[in-house]
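# Architecture and fold: a report
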Amino acid sequence: MNNLFSYFTPKDKKFFPLFEKSGANLVAMSQSLVELVNSNPQDTEQRERIYKKIADLEHIGDDITHQIYIELGKNFITPFDREDIHALGSALDEVADYIHGSASRMNLYNVIEMTEPIKKLAGFILQATSEVAKALVELKNYKSIRIIADACIRINNIENQADYIFDKAVGELFTYEQDAKTIIKYKEVLSAMETATDMCEDVANVLESILIKNA
Amino acid sequence: MNNLFSYFTPKDKKFFPLFEKSGANLVAMSQSLVELVNSNPQDTEQRERIYKKIADLEHIGDDITHQIYIELGKNFITPFDREDIHALGSALDEVADYIHGSASRMNLYNVIEMTEPIKKLAGFILQATSEVAKALVELKNYKSIRIIADACIRINNIENQADYIFDKAVGELFTYEQDAKTIIKYKEVLSAMETATDMCEDVANVLESILIKNA
Amino acid sequence: MNNLFSYFTPKDKKFFPLFEKSGANLVAMSQSLVELVNSNPQDTEQRERIYKKIADLEHIGDDITHQIYIELGKNFITPFDREDIHALGSALDEVADYIHGSASRMNLYNVIEMTEPIKKLAGFILQATSEVAKALVELKNYKSIRIIADACIRINNIENQADYIFDKAVGELFTYEQDAKTIIKYKEVLSAMETATDMCEDVANVLESILIKNA
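Residues numbered from 1 in each chain as written. Chains lettered and ligands numbered in written order. Predicted model: local features only at pLDDT ≥ 70, side-chain atom pairs only at ≥ 80, totals over all residues.

Moving on: the interface of chain B and chain C. Facing the 15 residues of chain B at the interface are 14 residues of chain C. Those elements that place two or more of their residues in the side of chain B that touches chain C are helix H3 (82-108) and helix H6 (180-213) of chain B. (Contact = placed C-beta atoms within 7 Å. Helix = DSSP H or I, 4+ residues; strand = E, 2+ residues; numbered from the N terminus.)

Our next topic: the environment of Ala 135 of chain B. All names here are of chain B. Here Ala 135 is to be found in helix H4 (residues 116-138). Residues Ala 135 and Gly 61, spaced 74 residues apart in sequence, show a C-alpha to C-alpha distance of 17 Å. Contacts of Ala 135, omitting those with residues within four sequence positions, involve Ile 148, Ala 151, Cys 152 and Leu 207.

Right, let's talk about the environment of Ile 210 of chain C for a bit. With respect to the element layout, Ile 210 of chain C can be found in helix H6 (residues 180-213). Put simply, Ile 210 of chain C and Asp 81 of chain C are 129 residues apart on the chain and 8.2 Å apart in space, counted from C-alpha to C-alpha.

What follows concerns the relation of the copies chain A and chain C. Of the transformation placing chain A onto chain C, the axial shift is 0.0 Å and the rotation is 120 degrees, giving an RMSD of 0.0 Å. These values place the two chain copies in the arrangement generated by a three-fold rotation axis. Relative to the rotation axis, the closest C-alpha in chain A is found at Ala 180 of chain A, a distance of 3.4 Å. Here only 12% of the contact residues of chain A are again contact residues in chain C; the copies associate through non-equivalent surfaces. (Least-squares fit on C-alpha atoms with pLDDT ≥ 70 in both.)

What follows deals with the relation of the copies chain B and chain C. Overlay of chain B on chain C (RMSD 0.0 Å): rotation 120 degrees, translation along the axis 0.0 Å. When the interface residues of chain B are mapped onto chain C, a mere 13% of them are again interface residues, pointing to distinct binding faces.

Let's shift gears to the packing of H3 of chain B against H6 of chain B. Residue and element names in this part refer to chain B. It is the contact of H3 with H6, at a shortest axis distance of 8 Å, that shows an interaxial angle of 165 degrees. The orientation of H3 relative to H6 falls into the category roughly antiparallel. Here H3 and H6 pass one another in a crossing that is left-handed. Its residues assigned to classes, the contact of H3 with H6 comprises 17 nonpolar, four polar and five charged. (Axes fitted to C-alpha atoms, helices over the stretch in contact; angles between N-to-C directions. Parallel < 35°, antiparallel > 145°, perpendicular 65-115°, else oblique. Left-handed = near helix turned anticlockwise from the far one by under 90°. Nonpolar A, V, L, I, M, F, W, Y, C, P; charged D, E, K, R; others polar.)

A separate point is helix H3 (residues 82-108) of chain C. All names here are of chain C. Compared with the 39 Å implied by 1.5 Å per residue over 27 residues, the 38 Å span of H3 between its first and last C-alpha is a close match. In terms of residue burial, H3 counts as a mostly covered element, since 23 of its 27 residues are buried. A positive phi of about 55 degrees marks Asn 110, the residue just after H3. (Expected span 1.5 Å × (residues − 1). Buried ≥ 20, exposed ≤ 12 C-beta atoms within 10 Å, placed from the backbone.)

Take the packing of helix H1 (residues 15-37) of chain B against H3 of chain B next. All names here are of chain B. Here H1 crosses H3 at 15 degrees, and the two axes come no closer than 10 Å. As the angle between them shows, H1 and H3 are arranged roughly parallel. H3 is crossed by H1, and the crossing has left-handed handedness. Of the residues in H3, those touching H1 at Phe 15, Phe 19, Ser 22, Leu 26, Met 29, Ser 30, Leu 33 and Leu 36 are Ile 85, Leu 88, Leu 92, Val 95, Ala 96, Ile 99, Ser 102 and Ala 103. Broken down by class, the residue content of the contact of H1 with H3 amounts to 13 nonpolar, three polar and no charged.

Next comes the structure, spelled out in C-alpha cells:
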C-alpha cells in the first residue's frame, strides 16, 4: 500500500485549497450552530445575529462550491477523477445546506427552548465537520491515507450516535410531550440536524471511494 | 473547451430520443400537477380525472425507463458511459415517482384546499422539469454544453427556492394552524413536492457529472 | 452478451463470501422483524428478546461491512471495480440500518399494536432482502446475469408496492385515527420500514450498475 495516492498530483494548487476552505467553512457553521443552541432564549437579538451569520456562511459555502465547479471547467489536469471532485463538492454543499436548514427551521418554526438532544446533536455536527475538515486538509498529502481513513471511521461513529440520540429524543417527545404541534416541531428540527450528520457520512463515503480508487 | 463532447456519438438514435421522451413526460406530469392544484375543490370529478392522468403518465415514464435499460442491454456502443445512462434513467424515474407521489398523497390524505405554498411548489416543479427537458433535448448536440450547464444552474436555483418555500410554509402551519392532523397532512404533501425538486437537482448532478467526465 | 462478466474473476474467495454473508444476515434481520410484528403484544419479554436479536444482527452486519473494507485495503485484484465493491458494501449497510431503525423506533416510541400495514411492510422487507440475498449468491457465477437482473426487477416491484402501502396506511391514519400523537408515531415507524425497501432498491441499482459496467 506504499504507492497509494501515487496517482495524485500533490502539487495541485487549485482544488486542495478550495476543499480546505470548504471544510473550514463547515466548522465555522457548526460552531455558530453550537453557539446558537446554547444562547440565552431571551436574547432574541443575539439569536437573530447568529441566524444571519449561519446564512452568510452558507452563501460563502455556495461560492466555494461554485469555484470548485469553475476550476473543473478550466483545468484538464485534476488531482483525482473529475467526477469525484464534483461528487466531493456536492457532498460538502449538502452538509452546509442541512446545517443552515437546521438553524432555519429553528427560526421559522419559532423554536425557543433548546433541548438536551438538540444541544447534543449540535455537538455531534461540530465533531463530524471537524473530522471532515481534518480529512480535507490531509487530501493533499499522499502519505496520509491512514489519517483520512480514520477520520472517515470516526464520522461514521458520530453519525451512528447522532442517529440514536435522534430516535431516543423523538421517543421521549412521544412519552413526555402532550402537545402534538410541539412534537412535530421539535422532531423536524432534530431530523434536519440528524441529516446534517448523514451528509457528513456521505462526504466520508466519497473520500473513502477516492482513496480506494487511487489505491 | 472546444472538444467537449467530442467523445460523444451525436448520431445515437436509441438513447437520446428516449431521454427526450422522458423529459417531455416529466413536463406533462408537472403540467397536470399545476392543473390539479388550481382546479375547483368542488369539482371532484375533474380532480379524479387529473389524479388518473398523472398515474397514467407515471406508467408511461416507467415504460421509458424500462426501454432505456433494455437498450443498454442490447447496445455495446453508447453515447456516453453505460453507468451514466443508467444513473440518468434512474434519476429521471425518481422525479416522476415524486410528482406522482405528491398527487397521490393529496388524493389519499384527502387534501381538498390547495394552499398558496402548494401552488408555488407546483409551479417550481414545472419550472424545474422544463429545465430538465430542455437539457435533455440538448444532450445530443455536442456544442450545447453551455446550455445544459446553464439549465443545471437554474435547476439548483429553483430547488433552493422550493426549499425555502417549504420551510416557510411549515413554519406558517405551526403558527396559524391549530389542528395537528392538518399540519401533518399538509407537511407531508409539501414535503413530497419539495422532494420532487430535489430529484430534479439529482438529475442536474448526473448531467453535470456527464459533462465533466466527457470534457 | 455471452461475454458478460468475463471481466470478473469467479475464483475470488474474499469478497463473494462476504457479500453472501451480508445478504444472509439481512434475511435473518428481516425474519426477526416479521417475528416481532407478529408477536403477542402482551409478551413483552419475547419482544425485548427480538429487539435485542435485531440489534445483535446489526452489529454482525457492521462487522461484515468492515471486513469488506479491510479486504479492499489489502487486495489489489478485486472481482469488480473497487469503488463498486465499496458502493455495494455501503448500500447493504444502509438496508441493515433501516431494518434495525424500524425495530428501534417501535421500541423507543413504545408501539404496542402492530397494524396490518406494519405487518405487510415487514413482509415486503423480507421479500426484498431475500431477492437481495439471492442476487448476491449469484454474483460469483458469471453466467447468472439474467438471475441477478430479474431479482433487481422484483426488488423494484416490491419497493413500489411498499410505497403504495405506506401512502395508503398514512391516509388511513388521517381518516380513522383521531390522536395526532398516534398518527405521528405510526407514520414514523411505517416510514422507516418503507425506507428499508428503498435501500434494497439502492442495492439493486448498484448491482445493475455493476452488471452494466461489466457487460
